[in-house]
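These are the residues of each chain, in order.
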Amino acid sequence: MHLEQRLRRAVKQGEFHLEYQPIVDMRTGTINSVEALIRWHDPEHGLISPEAFIPIAEETGLIEPLGEWILHQALTDLADIHAQGIPLCMAINISARQCINTKGISFCQTLQEALETYAISPKDVHIEITESLLIEDKPQRLQCLNTIKQLGVDIYLDDFGTGYSALSYLTKCPISVIKIDKSFIENITNKQSDVKLIRAIVMMAKNLELPIVAEGVETRQQWDFLQGLDCDYAQGYLISRPLTKAHLLPFLQQAV
Ligand code: G
Ligand code: G
Ligand code: MN
Ligand code: NA
């Protein structure tokens, strides 16, 4: 069966689950938040990477029902974690296509309703967007982001540095935090050019008063280098792989 057909079936039959990857405050060592990452377990083909199916879900519009499922599952799990007395923020990725759906409903409305349903404070949710979402000049999208921000939900710019180099949107759009893409972190201990790039990115973010999350931190050397630059947050296999909710809870309890 074609990937698109399988994806359609997967949405209907609920072949997805979420995993949560901890994000650590580099100064205090505390885990304040996790990023929700979707996983698809196809009964015949096994685990399929979101890098393979998210683009198809976006092209076909399946990202709309899938995106709603992700939002509700992530908030269900977050409400449950809060009910166990554990404070935590949840970062949720959204695609450009989700900003305004085909029925003309803005994502911020869906988000606001979901926050009310699960009695979750807006400050406990972050929305991650990529540069590509901001690239096309769509006033409705900017409006959607502004309304999300007005709700009290912070917007994180994901995969920073991999998109297009128009930096003007950093001040035009309501971005609260930037996430440096893991491709830059990968080479900081062996490539002089990437060291210079990371330094420049961190300096720029500091001048704009935007906190930084470094993604894909896998080694102690990378951690030490980033700490030396006074980077704010880190995410990566050094801290933890993405975890199912069942594995996340003991991880958080032991991390306190
Ligand atoms: O978890 P992993 O590194 O395999 O994810 C690969 C990419 O898939 C991520 O960089 C991210 O952009 C995308 N992705 C993962 N989960 C989600 C999700 O819930 N929604 C959207 N829109 N993209 C996701
Ligand atoms: O949303 P975003 O594009 O940032 O997705 C992050 C992706 O990076 C996830 O698919 C996650 O599984 C992956 N990831 C998280 N930590 C690490 C890491 O330390 N190394 C590598 N190679 N990938 C990671
Ligand atoms: Mn992300
Ligand atoms: Na990223």
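- Labelled according to an unreviewed UniProt entry, the protein chain appears under the name EAL domain-containing protein, originating from Shewanella fidelis.

### Comments concerning the overall build of the protein chain
Move 1: Counting its regular elements, the protein chain contains eleven helices and nine strands.
Move 2: Expected size for 256 residues packed as a compact globule is a radius of gyration near 18 Å; at 18 Å, the protein chain falls within 12% of this value.
Move 3: Counting only C-alpha atoms and orienting by the principal axes, one finds that the protein chain spans roughly 45 × 45 × 40 Å.
Move 4: Looking at the protein chain residue by residue over its 256 residues, the buried ones come to 34%.
Move 5: For the protein chain, the share of sequence-separated contacts (at least 6 apart) that also reach a separation of at least 24 residues comes to 64%.

### Let's talk about the packing of helix α3 (residues 63–83) against helix α4 (residues 107–117)
Move 1: Axis separation between α3 and α4 bottoms out at 10 Å; the angle between their running directions is 25°. Relative to α4, the element α3 lies roughly parallel. Two packed elements cross with a definite hand, and for α3 against α4 that hand is right-handed. In contact with E68, L71, H72 and L75 of α3, α4 contributes T110, L111 and A114.
Move 2: When the residues that make up the contact of α3 with α4 are grouped by side-chain class, the tally is four nonpolar, two polar and one charged.

### Brief notes about the packing of α4 against helix α6 (residues 139–151)
Move 1: Across the interface, α4 lies against α6 with an axial gap of 8 Å and an inter-helix angle of 20°. The pairing of α4 with α6 is recorded here as roughly parallel in orientation. Our pair here, α4 against α6, has a crossing hand that is right-handed. Facing α4, whose interface residues are F107, C108, L111 and Q112, α6 presents C144, T147, I148 and L151.
Move 2: The residue inventory of the contact of α4 with α6, partitioned by class, reads six nonpolar, two polar and no charged.

### Quick notes on the pairing of strand β5 (residues 125–130)
Move 1: Burial within β5 is extensive, with five of its six residues counted as buried.
Move 2: Examined bridge by bridge, strand β4 (residues 89–93) and β5 share four bridges and lie parallel to one another. Opposite N93, over in β5, you have E128 as the bridge partner.
Move 3: Traced from β4 through α4 to β5, the parallel crossover comes out right-handed.
Move 4: Inspection of the sheet shows β5 paired to strand β6 (residues 154–160) by five bridges, in the parallel sense. Of the residues in β6, the one forming a bridge with I129 is L157.

### A short note on the site of ligand 1
Move 1: In the vicinity of ligand 1, the contacting residues are A36, L37, I38, S49, P50, E51, I54, I70, N93, I94 and S95.
Move 2: For the shell around ligand 1, the elements supplying multiple residues, two or more each, are β2 (31–42) and α2 (50–60).

### Some details on the pairing of strand β1 (residues 16–25)
Move 1: Here nine bridges tie β1 to β2, and the two strands are oriented antiparallel to one another. Note that in β2 the partner of E19 across the bridge is L37.
Move 2: Counting the residues between successive antiparallel strands, the hairpin from β1 to β2 contains five residues, one of them, G29, with a positive phi of roughly 75°.
Move 3: The sheet contact formed by β1 and strand β9 (residues 233–234) spans two bridges and is antiparallel. Counted as the bridge partner of D25 is Y233 from β9.

Conventions used here
Residues numbered from 1 in each chain as written. Chains lettered and ligands numbered in written order. Predicted model: local features only at pLDDT ≥ 70, side-chain atom pairs only at ≥ 80, totals over all residues. Helix = DSSP H or I, 4+ residues; strand = E, 2+ residues; numbered from the N terminus. Rg over C-alpha atoms; globule rule 2.2 N^0.38 Å. Buried ≥ 20, exposed ≤ 12 C-beta atoms within 10 Å, placed from the backbone. Contact = placed C-beta atoms within 7 Å. Axes fitted to C-alpha atoms, helices over the stretch in contact; angles between N-to-C directions. Parallel < 35°, antiparallel > 145°, perpendicular 65-115°, else oblique. Left-handed = near helix turned anticlockwise from the far one by under 90°. Nonpolar A, V, L, I, M, F, W, Y, C, P; charged D, E, K, R; others polar. Pairing = 2+ DSSP bridges. Right-handed = clockwise from strand over helix to strand, strands pointing away. Near = placed C-beta within 6 Å.

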